Amino acid sequence: MSATKTVTPPTAPASRRIAGVGLATASGVAVAVQSWINGELGVRLADGIAAAVVSFASGLLVLLVLVPAVPAGRRGLRELRAALGGGTLRPWQCLGGVCGAFLVATQGLTIGALGVAVFTVAVVAGQSASSLAVDRAGVGPAGRQRVTTARVAGAVLTVLAVLLAVGDRLADPGALALAPLPLLAGMGIAWQQAVNARVRDAAGSALTATLVNFSVGMVALLATLAVEMAVRGRPGGVLPGEPWLYLGGPIGIVFIAVAAALVRFTGVLLFGLATIAGQVIGAVLLDLLLPTAASHPGPAALAGAALTLVAVLIAALGPAPRR
């Protein structure tokens, strides 16, 4: 008589997780730049939803040209259709773009009033808590993961760090009134990263997963814009002439593709913490180099950014969570 052996799925080696953390941190800096660009675009158009549509449209146009032109993209589309037809990928797992659309919309709606740093702290708070729940529920391709002490400590320390970075702004009633929007957007980011990674695994292509994300998000934004125009009329702003204001979409392509490729190695929480570190660093630098009426960077902001990096290292260097 032979005993049945329970096999634990292998976990990613530490070197791969550390490399993933580095790439995720760099993509987080890019997200901070995207937030600043989309926030400025929202101010120019005098409409955050219209700015989000423009941002998503620029990214979607790039993907509609790129994916069919690349062999991996064409193969990914075939694999995606087969996965949906065979039931290995559920239709609801292709809806991550809705959360991405909401995040981009909140960038255009709130950053003009909040500044990049306060926007980031609200996103961080939602993303950190949601990442723990998403990993524990096994929404991502890495499956269910234990909530380890290192991961909880990293999440808590990250929230404390960003609170330190922008603590002087949290007493502003205007900031607190708008903060729930990026808070909800942050909660959606973790779920978006998890389901996009599922799409990436099913299609075998991060580009294909990114195209699905942008397509779904664009539909959601166009529907929202149609409702807004029916209620309030057409946006009053005009399209700006500066080309750099249309880079939010291409930056989003890079972030979504990197997330879809790396989350299966790092897990949602670790990837989220690393991108948070990048976002905080990027937000502080932007508020220092390109200050606005809503940004007031100081020593506390720099200390908070440094503490965020410590938090990510704690989560990254701890034992890999078992499934």
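In this report, the structure presented in the accompanying data block is examined.

Cut-off values and rules
Residues numbered from 1 in each chain as written. Predicted model: local features only at pLDDT ≥ 70, side-chain atom pairs only at ≥ 80, totals over all residues. Heavy atoms only, no water. Helix = DSSP H or I, 4+ residues; strand = E, 2+ residues; numbered from the N terminus. Buried < 20%, exposed > 50% of the residue type's maximum accessible area, 1.4 Å probe, protein only. Phe/Tyr/Trp six-rings, centres within 6.5 Å; stacked < 30°, edge-to-face > 60°. Salt bridge = Lys/Arg side-chain N within 4 Å of Asp/Glu carboxyl O. Core = buried A, V, L, I, M, F, W, Y, C linked by side-chain atoms within 4.5 Å. Contact = heavy atoms within 4.5 Å.

### Comments concerning the environment of S55
Item 1. Position of S55 relative to the elements: it lies in helix α2 (residues 48-69).
Item 2. Judged by its relative accessible area of 3%, S55 is buried.
Item 3. Each C-alpha atom of the pair S55 and G252 lies 8.7 Å from the other, and the pair is 197 residues apart in sequence.

### So, the packing of aromatic side chains
Item 1. Enumeration over the complete set of coordinates arrives at four aromatic pairs.
Item 2. Where W36 meets W244, the ring centres are 5.4 Å apart and the plane angle is 20 degrees; that geometry is what we call stacked. Note that W36 is positioned in helix α1 (residues 14-45) and W244 in the loop between α8 (206-232) and α9 (248-266), a separation of 208 residues in sequence.
Item 3. Given a relative accessible area of 32%, W244 falls into the partly exposed group.
Item 4. Consider the rings of W92 and W191, whose centres lie 6.4 Å apart with planes at 25 degrees: the pair is stacked. Of the two residues, W92 is situated in the loop between α3 (71-86) and α4 (96-137) and W191 in helix α7 (residues 180-203); the sequence distance between them amounts to 99 residues.

### A word on the pattern of salt bridges
Item 1. Considering all chains together, one arrives at four salt bridges under this definition.
Item 2. The partner of R44 in a salt bridge is E40, and the shortest N-O contact between them spans 3.0 Å. Placement of the pair is R44 and E40 together in helix α1, with a separation of four residues, close to one helical turn.
Item 3. Among the salt bridges present, the one from E242 reaches R44, with a minimum N-O distance of 3.1 Å. With E242 in the loop between α8 and α9 and R44 in helix α1, this pair connects stretches of sequence that are 198 residues apart.
Item 4. When its relative accessible area of 31% is taken as the criterion, R44 is described as partly exposed.
Item 5. A network of salt bridges, in which partner residues are shared, links E40, R44 and E242.

### Focus: the nonpolar core
Item 1. With 38 residues, the main nonpolar core has F56, F214, L221 and F271 as its most contacted residues.
Item 2. At the level of secondary structure, the elements contributing two or more residues to this core comprise α1, α2, α4, α7, α8, α9 and α10 (268-289).
Item 3. It is α2 that provides the largest number of residues to this core, a total of 10 residues.
Item 4. Beyond its immediate chain neighbours, meaning those up to four positions away, F214 contacts F56, G59, L60, L63, G249, G252, I253 and I256.
Item 5. Among the nonpolar cores identified, the runner-up in size contains 13 residues, and A32, I37, I251 and L286 belong to it.

From the geometry alone we can't say anything about function, so treat these as descriptive.
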